[in-house]
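Chain and residue survey
Here is how the chains run, residue by residue.
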Amino acid sequence: MEFSIKNMPSEHDACLVLGVFEPRALAPAWQAHPDTRRYVAGVLDSGDMDGKAGSSLMLRGVPAFGGERLLLVGLGKEEEFGDKAYLAAIRAAVEALRASGATDATLALTRIPVEKRSPAWRVRQAAMAACETLYRFDRFKSEKDGERPLKSLAFESEDAGAAAQALAQGLAIGEGVALARDLGNLPANVCTPEHLAQAARRIAQEHALECAILDQADMEALGMNALLSVARGSRQSPQFIVLHYRAGEAADQPVVLIGKGVTFDSGGISLKPGEGMDEMKFDMCGAAGALGTLAAAAKMRLPLNLAVLAPCVENLPGGAASRPGDVVASLSGRSIEILNTDAEGRLILCDALTYAERFEPAAVIDIATLTGACVVALGHVASGLFANDDGLADALLGAGEASFDRAWRMPLWDDYREQLKSRFADLANVGGRPAGSVTAACFLSRFAEKFPWAHLDIAGTAWKTGTDKGATGRPVPLLTHFLLARAGKLS
Ligand code: BES
Ligand code: MN
Ligand code: ZN
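Residues numbered from 1 in each chain as written. Chains lettered and ligands numbered in written order. Predicted model: local features only at pLDDT ≥ 70, side-chain atom pairs only at ≥ 80, totals over all residues. Heavy atoms only, no water.

**Thoughts on the packing of helix H9 (residues 345-356) against helix H12 (residues 436-445)**
What counts is decided by this rule: For helices, the axis comes from a line fit to the C-alpha atoms of the stretch in contact; other axes are also lines fit to C-alpha atoms, and the angle between any two N-to-C directions lies between 0 and 180 degrees. Working definition: helices are DSSP H or I runs of at least four residues, strands are E runs of at least two. Numbering for both runs from the N terminus. Angles below 35 degrees are treated as roughly parallel, those above 145 as roughly antiparallel, those between 65 and 115 as roughly perpendicular, and all remaining angles as oblique. Less than a right angle of anticlockwise turn of the near helix away from the far helix marks a crossing as left-handed, whereas a clockwise turn marks it as right-handed. Contacts between residues were defined by any pair of non-hydrogen atoms, one from each residue, lying within 4.5 Å. The nonpolar class holds Ala, Val, Leu, Ile, Met, Phe, Trp, Tyr, Cys and Pro. Asp, Glu, Lys and Arg form the charged class, and all remaining residues, Gly among them, are polar.
Packing of H9 against H12 leaves a shortest axis separation of 9 Å and a crossing angle of 30°. Relative to H12, H9 is oriented roughly parallel. When the axes of H9 and H12 are compared, the crossing they make is right-handed. Contacts between H9 and H12 involve Arg346, Leu347, Leu349, Cys350 and Leu353 on the former and, on the latter, Ala440, Phe443 and Leu444. Within the contact of H9 with H12, the residues separate by chemical class into seven nonpolar, no polar and one charged.

**A short note on the coordination of the zinc ion (ligand 3)**
So the rule is basically this: Here the coordinating atoms are restricted to nitrogen, oxygen and sulfur within 2.8 Å of the metal centre, or 3.2 Å for Na, K and Ca, and because water is not among them the sites may look incomplete.
Those protein atoms acting as donors to the zinc ion (ligand 3) are Lys260 (NZ), Asp265 (OD), Asp283 (OD) and Glu344 (OE), and they sit at 2.0 to 2.4 Å. For the zinc ion (ligand 3), the donor residues sit on a single chain with the sequence spacing K-x4-D-x17-D-x60-E. Taken as a pair, the zinc ion (ligand 3) and the manganese ion (ligand 2) lie 3.2 Å from each other and share Asp265 as a ligand. Taken as a pair, Asp265 in strand S11 (residues 261-265) and Asp283 in the loop between S11 and helix H8 (285-299) lie far apart in primary sequence, 18 residues in all.

**Some thoughts on H9**
How we decide: Multiplying 1.5 Å by the helix residue count minus one yields the expected span of that helix. Exposure classes here rest on a 1.4 Å probe applied to the protein chains alone. A residue is buried below 20% of its type maximum, exposed above 50%, and partly exposed in between.
Look at H9: 16 Å from first C-alpha to last across 12 residues, which is about the 16 Å you get at 1.5 Å a residue. By the criterion of burial, H9 is predominantly enclosed, with 12 of the 12 residues buried. Buried within H9 are the following residues: Gly345, Arg346, Leu347, Ile348, Leu349, Cys350, Asp351, Ala352, Leu353, Thr354, Tyr355 and Ala356.

**Description of the packing of aromatic side chains**
Basically, it comes down to this: Between 30 and 60 degrees the pair is tilted, below 30 it is stacked and above 60 it is edge-to-face, where a pair is any two Phe, Tyr or Trp rings, Trp via its six-membered ring, whose centres lie within 6.5 Å. Whether a charge sits over a ring comes down to the Lys NZ or Arg CZ being within 6 Å of the ring centre and within 35 degrees of the ring normal.
Enumeration according to the criterion identifies nine aromatic pairs in this entry. Ring pairs connect the aromatic residues Phe21, Phe81, Tyr86 and Trp121, which therefore count as one cluster. A cation over an aromatic ring shows up here: Arg334 above the ring of Phe447, its NZ or CZ 4.7 Å from the ring centre. Arg423 extends its terminal NZ or CZ atom over the ring of Phe424, reaching a point 5.9 Å from the ring centre.

**Some points on the coordination of the manganese ion (ligand 2)**
Ideal values differ by geometry: the angle at a metal is 109.5 degrees with four tetrahedral donors, but 90 or 180 degrees with six octahedral donors. Cut-off, in case you're wondering: For four-coordinate sites, all angles between 85 and 135 degrees define a tetrahedron; for four- and six-coordinate sites, opposite donors beyond 155 degrees with the remaining angles between 65 and 115 define square planar and octahedral shapes respectively, and all other cases count as irregular.
Looking at the metal site, the manganese ion (ligand 2) is ligated by Asp265 (OD), Asp342 (O), Asp342 (OD) and Glu344 (OE), spaced 2.1 to 2.2 Å from it. Around the manganese ion (ligand 2), the six donor atoms sit at angles spanning 71 to 168°, and that spread fits a shape best called irregular. Read from N- to C-terminus, the donor residues coordinating the manganese ion (ligand 2) fall into the pattern D-x76-D-x1-E.

**Quick word on the pattern of salt bridges**
Let me state the cut-off plainly: For this analysis, a salt bridge means a side-chain nitrogen from Lys or Arg found within 4 Å of a carboxyl oxygen belonging to Asp or Glu.
Here the structure, examined in full by the defined rule, presents 26 salt bridges. The salt bridge partner of Glu357 is Lys450, with a shortest N-O separation of 3.7 Å. Placement of the pair is Glu357 in the loop between H9 and strand S15 (363-368) and Lys450 in the loop between H12 and strand S19 (453-457), with a sequence separation of 93 residues. Take Glu357: its relative accessible area is 29%, and that puts it in the partly exposed class. Overall, Lys450 belongs to the exposed group, its relative accessible area being 65%. Two residues, Arg474 and Asp405, come together in a salt bridge whose shortest N-O distance is 2.5 Å.

**Let's talk about the packing of helix H3 (residues 119-134) against helix H4 (residues 160-185)**
At their nearest, the axes of H3 and H4 sit 7 Å apart, and the two run at 30° to each other. Taken as axis vectors, H3 and H4 run roughly parallel relative to one another. Considering only the axes of H3 and H4, their crossing is right-handed. On the side of H3, the interface is formed by Ala120, Val123, Arg124, Ala127, Met128, Cys131 and Glu132, while H4 contributes Ala162, Ala163, Ala166, Leu167, Gln169, Gly170, Leu171, Ile173, Gly174 and Arg181. Taken together, the residues of the contact of H3 with H4 sort by class into 11 nonpolar, three polar and three charged.

**Remarks on the site of ligand 1**
Note the cut-off: Note on terminology: near, applied to a residue and a molecule or strand, indicates that one of the residue's heavy atoms is within 4 Å of it. By the criterion applied in these results, polar contacts are pairs of N or O atoms within 3.5 Å in which, for protein atoms, one can donate a hydrogen and the other can accept it, and in which residues neighboring in sequence qualify only through two side-chain atoms.
Taken together, 16 residues sit near ligand 1, with Lys272, Asp283, Asp342, Glu344 and Gly372 positioned nearest. Between ligand 1 and Lys272 there is a distance of 2.8 Å, counted from an oxygen atom to a side-chain nitrogen or oxygen.

**Some details on the domain arrangement of the protein chain**
Threshold: Where a domain begins and ends is set by an automatic assignment or by a domain database. When two parts are put together, the accessible area they lose, computed with a 1.4 Å probe and summed over both, is reported as buried area.
You can read the domains of the protein chain as domain 1 (2-156) and domain 2 (174-486). Here domain 1 and domain 2 have C-alpha centroids that lie 38 Å from each other. At the interface, 14 residues of domain 1 touch 14 residues of domain 2. The contact between domain 1 and domain 2 buries some 1200 Å² in all, and 63% of this surface belongs to carbon and sulfur atoms. For domain 1, the biggest contributors to the area lost against domain 2 are Met128, Tyr135 and Phe137; these three give 39% of the whole. Put simply, the parts of the chain that give the side of domain 1 that touches domain 2 at least two residues each are helix H2 (83-99) and H3.

Quick look at the structure:
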């Protein structure tokens, strides 16, 4: 797909996309021939298009209009028009264009003011939403979706300079999201720890990044026994991805992203119930999100230093698997009693957090499908945010608002530490039923005392269940906006 920016609408746009507010009012973004206006007004009066959010109507042969098609897209009520309705309209437009015979289209929707949002925001979000809508995962289908006629999409903007940069950013983020979704959607018999390591090498090659993959022997030599204890039940060998993107000053401390890469989480000996267990192939979406974010940052050439760490393992039961009650020595030197082998994410992340110390990071952000309890608390709307640093937390919350990939802050008070006390080791890996997402974060915080740190629990946001089951690519939009803001590139 070709994307571009247009300054002015033209009578010759092959397919022009216009917004309609409910009830039946054309959004003011267009100077058309009176005959065309009259015709469109007639269509609206006829009741064929009332402007309901998500609706659309394709018109052909419109009088005095030089182009082939006019697509009307519903925007909902004008007084309720905001971020959500704007994005829904872009998605509905792209969906309708994709299903149509149009080859080239211009969206005038990107000229419609959205409260508190800049023209650049409208274009960046439109590019991201278009990529999201056009995404397909049909690698394992014999019958593919096939070639579609749509070849080019232009966004109208009154601020062409800012819009060009915003478009490039939106497309880079869209690619990063698609990368994360592809990795997430792959089944666990394909997306193994070694597959993730290979994906990291490919990204490194494409963007000329430094890449090291630690194997089991490397991790044994380091003493990452918490991480290794999770991998023991599986025949898949664990892999620890280390990637560096260096486009900041040599002295700039890096931001370190740590992504949970459990390629399949059966629960281990503390086996999960069977229903819906297939979705535990998505338990590596933290790692996928970290990789997608890095790829997008590299594509945008953001002037900063960034590292990605991704501990990748498979959690299966087996003769060599960890048992409930086992005690392991983490890389930090602290001992952990594994009371539940299904609380494996924190076991691999704690060693990655300790490993991150060597980079003297400016900030460490871990991303993990960590707890079912977070889904209970926040559903599928917001990711859970935990942090030991208010500045970092606020920056991430702001990035979530800016990208419409939102997070909600949860408490990390040390009152919760009580729940992680172990009879036999320095700490236990589970804290009982109450506040499950908080005690999980609290566990991680014990390994993140040497740097500003935040944890995103994406258990409810990284994938969708039901008929549109699939990886969402979240929180790549949030994290890329965090980095854009940090680099001073958000307009
Ligand atoms: N990967 C799961 C968390 C999860 C579960 C995410 C369901 C999305 C949907 C994690 O490894 C896990 O199993 N967590 C346990 C922790 C418990 C044993 C303390 C959970 O949430 O049940
Ligand atoms: Mn688990
Ligand atoms: Zn898990």
